[in-house]
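Here is how the chains run, residue by residue.
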Amino acid sequence: MKKFLIVGLGNIGEKYDETRHNIGFKILDKLALNESINFESEKLGAIAKFRFKGRTFILLKPSTYMNLSGKAVKYWLTKEKIPLENLLVICDDLNLTFGAIRLKGKGSDGGHNGLKDIQNTLQTQQYPRFRFGVGAEFSKGRQIDYVMGNWNENEVKELPERLEKSCELIKSFGIAGLNNTMNTFNGK
């Protein structure tokens, strides 16, 4: 049975729940809700598992805080014996407009501290990542306030549809593969 580790990046704690930086957690929470599964606290994170079309999806919300996500990712890849190509890391992206979806098979950290730590821990940039656009509606020097800020009114209205689309992308990644999923979802 093929296994996939789907990692949503975010920070633990209620005060971060509705921030842009926590979109990885938010997407996995929506997927868990759709699949009627619950997260359980385990080593280095919260884990939920479901099966779909002969595949096992292991959802991970690291409890290490964003900037130390690599430790949790490496632990669960090793524990579950999941190959790097079956890892999908979900994060926010300031360079994409709100709700834009970009799936890539490899790449730089793009200045994202969570990706930077994963890259340093795994010693490679060769792993799939799903970037969710949060826009860049902030003035110079206010980037941290923006990503750690809550969604605005319009974003809150549009978020449910974008979360559904994100859940479809994750399942497609496991079933149809990276390239087919990129062709189907990128730019949507």
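The preceding data block contains the structure.
Okay, so let's go over this structure. Just so you know, these numbers come straight off a predicted model, no measurement behind them. (Residues numbered from 1 in each chain as written. Predicted model: local features only at pLDDT ≥ 70, side-chain atom pairs only at ≥ 80, totals over all residues. Heavy atoms only, no water.)

## Observations regarding the pattern of salt bridges
Stated formally: What makes a salt bridge here is a side-chain nitrogen of Lys or Arg within 4 Å of a carboxyl oxygen of Asp or Glu, nothing more. Elements are defined by DSSP. Helices are runs of H or I of four residues or more, strands are runs of E of two residues or more, and each kind is numbered from the N terminus.
Tallied over the entire structure, the rule returns 10 salt bridges. With its nearest N and O atoms 3.0 Å apart, the salt bridge here joins K30 to E164. With a gap of 134 residues between them, K30 in helix α1 (residues 23–34) and E164 in helix α5 (residues 153–176) connect regions that are remote in the sequence. Connected via shared salt-bridge partners are K3, K49 and E80.

## Thoughts on the sheet that holds strand β4 (residues 55–62)
Note the following rule: When DSSP finds two or more bridges between a pair of strands, those strands are recorded as paired. The axes used here are C-alpha line fits, helices contributing only the stretch in contact, and every angle between their N-to-C directions lies in the interval 0 to 180 degrees. What makes two residues a contact is simply this: any of their non-hydrogen atoms within 4.5 Å.
Here we have seven strands laid out as an open sheet, ordered β2-β3-β4-β1-β5-β7-β6, and mixed in their pairing. Each edge of the open sheet carries a strand with a single partner, namely β2 (40–42) and β6 (101–104). Strand-to-strand, the axes of this sheet are offset by a mean angle of 25 degrees, without reference to chain direction. With respect to the sheet, helix α3 (residues 113–122) is in contact with β5 (87–93) and β7 (129–133), its orientation differing from that of β5 by roughly 150 degrees.

## Some thoughts on α3
Let me state the cut-off plainly: Think of it in three bands: with a 1.4 Å probe and only protein chains considered, a residue is buried below 20% of the maximum accessible area for its type, exposed above 50%, and partly exposed in between.
Residues of α3 that are buried: G114, L115, D117, I118, Q119 and L122. Looking at the packing, one finds that the buried side of α3 touches α2 (69–80), β5 and β7. Q123 lies just past α3 and shows a positive phi near 60 degrees.

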